[in-house]
Amino acid sequence: MDKINGWRTKVFVWIGLPVIAAIGLMMGATDLVPAWQAKGGSGTAGTFTAVNEECSRRNCEWHGDFVATDGGARRTDVILYDAPDGLAKGGTAEARDTGARKGVFSTTGGSMYLLATGLTLAGVVAAVAWVVIVVRTVRRRRTADDASAPPTTFAPSR
């Protein structure tokens, strides 16, 4: 990508890549470690009680309350990631609290860890690509400026 031509490419490089990087890193990285901990069975075991379901065009997620089995930790209005099929309002599901920002994880397993990993990787790749493009652009401009500058000489002119 020696030359960045076309307005679409410029918009993608100078606006799109930083936005992808920011979203990927903010959304994915914050829940990456908790998602993998839940996949590995770590965290505080407890019970999630479904209070309400919020659906968008593509997916639904359950919000509710989490109470630790040992009675210690309690979180209200959290999301149950990887909720089991058949969960209904007032129903309960076994869950793990691993410190995720907005929720707890179902013990039945799921793919939240893959989503968090994918978002984080996309953010890292976009950030690295953007930095490489910026550095190359700056170097190319400096080289072009140096080549177009008149040579400096201290020899007397005749």
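Residues numbered from 1 in each chain as written. Predicted model: local features only at pLDDT ≥ 70, side-chain atom pairs only at ≥ 80, totals over all residues. Heavy atoms only, no water.

Side note on the confidence of the model for the protein chain
Here is step 1 of the chain: Of all residues in the protein chain, 88% attain a pLDDT of 70 or more, and the chain-wide mean is 86.
Here is step 2 of the chain: Averaged pLDDT values for the elements of the protein chain fall to 86 in helix α2 (residues 112-148) and rise to 94 in strand β4 (residues 92-97). (pLDDT = per-residue confidence, 0-100. Helix = DSSP H or I, 4+ residues; strand = E, 2+ residues; numbered from the N terminus.)

Considering the pattern of salt bridges
Here is step 1 of the chain: Applying the stated criterion across every chain, the model contains two salt bridges.
Here is step 2 of the chain: The salt bridge partner of Arg-101 is Asp-31, with a shortest N-O separation of 3.9 Å. Taken together, the residues span a long stretch of sequence, with Arg-101 in the loop between β4 and β5 (103-106) and Asp-31 in helix α1 (residues 7-39) at a distance of 70 residues.
Here is step 3 of the chain: According to the relative accessible area criterion, Arg-101 is partly exposed, its value standing at 41%.
Here is step 4 of the chain: Taking the shortest distance from any N to any O, the salt bridge between Arg-75 and Asp-97 comes out at 2.9 Å. Here Arg-75, found in strand β3 (residues 74-81), pairs with Asp-97, found in strand β4; they are 22 residues apart in sequence, far enough to count as distant. (Salt bridge = Lys/Arg side-chain N within 4 Å of Asp/Glu carboxyl O. Buried < 20%, exposed > 50% of the residue type's maximum accessible area, 1.4 Å probe, protein only.)

So, the nonpolar core
Here is step 1 of the chain: Formed by Phe-48, Ala-50, Trp-62, Phe-66, Ala-68, Val-78, Leu-80, Leu-87, Ala-93, Ala-95 and Val-104, the largest nonpolar core amounts to eleven residues.
Here is step 2 of the chain: Counting only elements with at least two residues in this core, the list comes to β1 (44-55), β2 (60-68), β3 and β4.
Here is step 3 of the chain: In this view, Ala-95 contacts Thr-44, Ala-45, Gly-46, Phe-48, Phe-66, Leu-80, Val-104, Phe-105, Ser-106 and Thr-107; residues no more than four positions away in its chain are not counted.
Here is step 4 of the chain: The next biggest cluster of nonpolar side chains, apart from the first, holds nine residues, and it includes Ala-100, Phe-105, Met-112 and Ala-116. (Core = buried A, V, L, I, M, F, W, Y, C linked by side-chain atoms within 4.5 Å. Contact = heavy atoms within 4.5 Å.)

A word on a nonpolar patch on the surface
Here is step 1 of the chain: On the surface, a nonpolar cluster with roughly 820 Å² of combined accessible area is contributed by Trp-7, Val-11, Trp-14, Ile-15, Val-19, Ile-23, Met-26 and Met-27.
Here is step 2 of the chain: Positionally, Trp-7 belongs in helix α1.
Here is step 3 of the chain: On the basis of relative accessible area, Trp-7 is assigned to the exposed category, the value being 61%. (Patch = residues over 30% accessible without salt bridge, like charges linked within 9 Å, V, L, I, M, F, W, Y side chains within 5 Å. Areas by Shrake-Rupley, 256 points an atom, 1.4 Å probe, with all protein chains shown as cover.)

With respect to unusual backbone geometry
Here is step 1 of the chain: Despite not being glycine, Asp-77 shows a phi value in the positive range, around 50°.
Here is step 2 of the chain: For Asp-77, the position within the fold is in strand β3.
Here is step 3 of the chain: The phi torsion at Asp-82 lies on the positive side, around 60°, for a residue other than glycine.
Here is step 4 of the chain: Within the fold, Asp-82 resides in the loop between β3 and β4.

Side note on the pairing of β5
Here is step 1 of the chain: The pairing of β3 with β5 spans three bridges and is classified as parallel. Each residue of the ladder has a partner; that of Tyr-81, found in β5, is Phe-105.
Here is step 2 of the chain: In this structure, the hairpin formed by β4 and β5 is closed by a connection of five residues, where Gly-99 is found at a positive phi of approximately 90°. (Pairing = 2+ DSSP bridges.)

A look at the state of the cysteines
Here is step 1 of the chain: According to the stated counting rule, one finds one disulfide in the structure shown.
Here is step 2 of the chain: Across the disulfide, Cys-55 is cross-linked to Cys-60 (sulfur-sulfur distance 1.9 Å). The S-S bond linking Cys-55 to Cys-60 shows a torsion near 110°; that makes this disulfide right-handed. (Disulfide = S-S within 2.5 Å.)

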